[in-house]
Structure formats: C-alpha cells, structure tokens
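# A closer look at the structure
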Amino acid sequence: MQKSMDNERLANRMWGGRFSSGPEKIMEEMNASIRYDKRLYRQDIAGSQAHAAMLARQGIISGEDAEAISQGLITILSEIEAGTFRFREDLEDIHMNIESRLADLIGPSAGRLHTARSRNDQVATDFRLWVRDRIDLHCMQLLDLMQMLVQRARGTASTIMPGFTHLQNAQPVTVGHHLMCYVEMLGRDRNRLVDCRKRLNECPLGAAALAGTSFPLDRDTTATELGFDRPCANSMDAVSDRDFALEFLSASAICSVHLSRLADEIVLWASAPFRFVTLGDGFSTGSSIMPQKRNPDAAELVRARAGRVCGALTALLFVSKALPLAYSKDLQEDKEQVFDATDTLALSLSAMTGILKEIKFNESVMKRAARDGHATATDLADWLVRQAGMPFREAHQVVGTLVRMAEEAGCGLDEISLADMQSVCKHINVEAMSVLDVENSVASRCSYGGTSPREVNKQVSDWEKRLACARQ
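Keep in mind it's a predicted model, so treat the numbers as computed, not measured. (Residues numbered from 1 in each chain as written. Predicted model: local features only at pLDDT ≥ 70, side-chain atom pairs only at ≥ 80, totals over all residues. Heavy atoms only, no water.)

### A word on the pairing of strand β1 (residues 160-165)
- Across six bridges, β1 lies against strand β2 (residues 168-174) in antiparallel orientation. Considered in β2, the bridge of Thr165 is made with Gln168.
- Turn length for the β1-β2 hairpin, with the two strands adjacent in sequence and antiparallel, is two residues, and the turn residue His166 shows positive phi of about 60°. (Pairing = 2+ DSSP bridges. Helix = DSSP H or I, 4+ residues; strand = E, 2+ residues; numbered from the N terminus.)

Okay, structure coming up:
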C-alpha cells in the first residue's frame with residue numbers, strides 16, 4: 001500500500017495528474033537513466049541557473065524566487081561534489097533528482113524553475129554543454145600527444161629506419177619522419193573536433209518540448225550566458241538533433257583508429273623479430289610464468305579499444321536512423337555510448353603520450369634493418385634517369401635485374417661488384433654505387449615533406465610553432 005502511494009506521488013510530481021499510479025518495477029529500471037546521466041550534474045545546474053536568471057529578467061518569475069533557486073542550486077552543486085548528495089533511481093534522471101532536492105531545500109519556489117522548459121530542451125542543452133567540455137579536454141590531450149611526437153621527432157630526425165609498404169622493406173626513412181606522419185594525422189583529428197565544437201555550439205534551451213513556448217523568453221541572453229554562439233533556430237530540431245553527438249563520435253572513432261595504427265606499430269617494433277624499440281617499465285607488463293617477458297600491453301589495449309569507440313558510433317547511428325520528429329525516448333540511449341567512447345579515448349590518448357615519453361629507439365638495429373630488402377633500389381633507378389638519361393621504366397627493369405642477381409647470390413644490392421653491375425648496364429659507375437648507401441638515400445629525399453633530416457627538422461619547427469599558437 002505504501003509503495004503504491006509513493007508511486008502515485010512520484011507520478012504526480014513528474015507527470016502531473018495524468019497518471020493515477022506509478023510505473024511497474026521493470027519500467028522503472030528500463031526508464032531510469034540516473035546511473036549514467038548523473039555525470040551531467042554540473043551542466044544541468046549551469047543551465048538551470050541561466051534559465052532561472054532569464055525568467056526573472058523577463059518578469060516571468062519573481063526576483064526572490066530566482067534568488068532562492070540560485071542559492072539552492074549552489075547548495076546542490078556543493079553536495080554533489082562533496083559526495084553527500086543522494087541520487088535516487090526512482091526519480092529517473094539527473095534533472096528530476098536535482099529538482100526534487102531543490103524542492104526539499106527551498107519549497108514551492110523550486111516548481112517555478114521548470115516554467116517554459118521541458119526535459120527535452122533541458123537534456124539537449126546539458127548534453128551539448130557536456131560534449132563541448134569533452135571536446136576541449138580531448139583537444140588539449142591531442143596537443144600533449146602531438147607535442148610528445150614532435151619532441152621525439154626532433155631527437156630522431158637523422159635516425160634511419162626502414163620504411164614499409166605491404167609491411168615489406170620499401171625505402172629508408174627516418175624515425176622522425178615516421179613520427180611526424182602521426183602528428184599530421186592527429187592534427188586532422190583535432191581540427192575535426194574543433195569543427196564539431198563550432199557546429200554544436202547552439203543552445204536548445206527555450207525550445208521546450210518541441211514547439212517553443214508562449215512565454216516571452218530571451219533565448220539569446222540564455223545562449224550567451226552558457227557560452228553558446230546562438231540559440232537553435234528551430235524548436236523541433238533543437239530537441240531532436242543528435243548530430244553533434246554523432247559527429248563527436250565520428251571524430252573520436254577516426255582518432256581512435258589513428259591511435260590504434262600507432263599502437264600496432266609499437267607492438268610490432270617491440271617484438272623480437274623487429275627489436276626496433278624497447279618500451280619503458282611504466283607501460284609494459286610481465287608474465288606470470290615467463291620471467292623474460294616484457295609485454296606491450298598498454299599499446300595492445302589502445303589498439304583494441306578503438307573498437308569500442310567505433311562501436312559507439314555505430315550504435316548511435318542505429319538509434320538515430322529511423323526516428324520520427326521530434327523527441328522519442330530512444331534518444332536516452334545517446335549518452336552511454338558517448339560517455340564510454342570519450343572515457344576510452346581520453347585514456348588511450350594519455351596512455352599513448354606516456355608510451356612515447358618512455359620508449360627507447362634502438363638505432364643500430366633500425367639502421368641495419370633499413371639495409372635489408374634492397375631498400376635503395378629506387379635510388380639507383382633514379383640515378384640512371386638523372387645521370388644516364390634513361391627512361392624510368394627502362395631503369396626500373398635494369399635495377400630489377402640487378403636485384404634478382406643479388407638475391408641469387410644471397411647478398412645485398414650494394415654488395416654486387418661494379419663489374420657485375422656494368423655487365424647489366426654500362427652506365428653504372430662508382431658514383432652510382434654511392435646512392436645505394438642508406439644515409440645518402442635518406443639525405444637525397446629533400447623534396448617538401450620528404451624524409452631527409454633537413455626536411456624533417458623543417459616540419460618539426462613548423463609544428464612547434466603551430467602547437468605553441470594552439471595553446472594560447
């Protein structure tokens with residue numbers, strides 16, 4: 001009997017007089033979102049503060065009520081941050097939990113806060129504010145990771161390693177050049193997040209349930225107080241739009257894929273067949289049975305967790321794909337996907353920055369590996385084009401014949417005698433032999449964006465300036 005009365009009071013508080021009894025237990029469990037949307041508490045309180053202040057300025061509620069609401073919300077914020085606030089699942093979500101506590105603190109004045117507002121525009125506002133905050137966090141994390149990559153690239157601008165295509169030795173490159181490739185990728189990731197922030201920065205508050213309101217709101221001022229550029233122009237779009245969350249997840253998924261690629265290379269480089277790098281103790285683990293093991297678990301987890309972020313994007317796309325306008329309860333399923341994805345991305349970005357800070361590049365091993373696989377064959381072909389005036393396709397055939405000769409002899413291309421080379425092509429001379437050296441090969445790649453140490457240092461200097469400007 002008591003539960004029935006409690007349910008009736010709860011139903012009346014949230015839904016007015018339309019319902020005579022509360023929901024079934026399974027409905028309560030299915031409907032409640034407070035387990036995860038309590039993360040929106042700071043944004044919900046900020047939105048309520050701005051809304052109450054606007055209502056008072058417009059003469060919709062009294063200044064006394066607005067002041068009581070403001071002080072009550074400040075108290076609730078301090079309770080939540082002190083860990084003394086009691087979140088109740090029977091109140092469904094963060095909005096009703098805060099409103100209920102506000103009523104306990106200030107009495108009937110709390111009921112005036114919801115004037116000209118629905119939970120539809122309220123949650124849309126809260127969620128945009130929260131995603132905006134996370135974008136700012138990830139942008140700073142990306143700057144930290146890019147700074148670490150640039151720093152390590154500066155120190156390895158002349159360190160030779162094999163460059164790969166199809167995971168086969170292709171041409172010698174420098175470690176610095178390889179690392180700067182990821183700086184470019186992550187720079188695009190950051191730009192995508194910045195662009196997403198610009199598009200999401202419109203305020204839904206004041207759209208009410210879907211059709212706007214008859215109260216004389218000042219939506220421009222509310223938007224400005226919450227740091228938005230403008231109010232959303234269409235009230236139906238304001239409450240139903242989750243493009244900002246999809247775009248955020250899309251940018252996050254692409255970034256996670258980039259981190260996964262870098263993590264996968266680190267796993268390969270740290271393996272015994274490669275031995276290109278040694279990982280620091282802080283981001284490695286051992287084995288419970290094999291005492292010699294140093295496992296790249298942090299990199300492996302970064303690699304794996306890209307799947308969680310990509311999965312969140314797919315899940316929200318499916319939630320959104322067939323929803324009629326304007327708001328449907330399906331949209332409650334937006335937050336868990338975004339929350340998990342952003343937590344995963346934040347951890348992966350921090351982990352990758354730590355991995356790169358501790359990693360040691362085994363320069364002698366990398367340089368030896370760069371000599372394998374006849375990696376300077378293209379340099380000899382280019383020399384024949386430049387010095388002998390040979391068409392590239394003919395030069396390609398000549399060098400291919402020499403590569404086959406080296407493989408049959410079980411030696412490197414640079415170990416074939418000059419006489420044997422000249423038996424295939426009379427134009428080859430001592431100067432031609434010099435281009436087969438990996439240092440000369442790398443130094444010659446001095447075109448814009450190339451792998452020569454000179455070009456890598458130019459790229460590093462340029463990015464150092466760009467990153468410094470981005471932090472201002």
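### Quick look at helix α5 (residues 63-82)
- Over its 20 residues, α5 extends 29 Å from the first C-alpha to the last, a length consistent with the 28 Å expected when each residue adds 1.5 Å.
- Listed as buried for α5 are Asp65, Ala66, Ile69, Ser70, Gly72, Leu73, Ile76, Glu79 and Ile80.
- Buried residues belonging to α5 abut α4 (41-57) and α6 (94-106).
- Once α5 ends, the next one or two residues include Gly83, with phi positive near 80°. (Expected span 1.5 Å × (residues − 1). Buried < 20%, exposed > 50% of the residue type's maximum accessible area, 1.4 Å probe, protein only. Contact = heavy atoms within 4.5 Å.)

### A look at the nonpolar core
- Ranked by internal contacts, the top residues of the largest apolar core, which has 92 residues, are Val131, Leu259, Ile266, Phe276, Val338 and Met352.
- In terms of residue count, helix α11 (residues 243-270) provides more of this core than any other element does, 14 residues in total.
- Setting aside anything within four residues of it in sequence, one finds Met352 in contact with Leu145, Leu259, Leu262, Ala263, Ile266 and Val302.
- Counting 20 residues, the second largest nonpolar core, distinct from the first, contains Trp383, Leu384, Val398 and Ala432. (Core = buried A, V, L, I, M, F, W, Y, C linked by side-chain atoms within 4.5 Å.)

### Quick look at the pattern of salt bridges
- Summed over the entire model, instances satisfying the criterion amount to 27 salt bridges.
- Glu89 is the partner of Arg35 in a salt bridge, and the nearest nitrogen-oxygen pair spans 3.1 Å. Separated by 54 residues along the polypeptide, Arg35 in helix α3 (residues 34-37) and Glu89 in the loop between α5 and α6 bring together distant segments of the chain.
- For Arg35, a relative accessible area of 45% translates into the label partly exposed.
- Of the residues examined, Glu89 reaches a relative accessible area of 36% and is grouped as partly exposed.
- Arg134 serves as the salt-bridge partner of Asp343, at 3.5 Å between the closest nitrogen and oxygen. Remark: Arg134 occurs in helix α7 (residues 119-155) and Asp343 occurs in helix α13 (residues 334-358); sequence separation between them is 209 residues.
- Overall, Asp343 belongs to the partly exposed group, its relative accessible area being 33%.
- You can call Arg134 buried: its relative accessible area is 15%.
- Each of Arg39, Arg134 and Asp343 takes part in a single network of salt bridges with overlapping partners. (Salt bridge = Lys/Arg side-chain N within 4 Å of Asp/Glu carboxyl O.)

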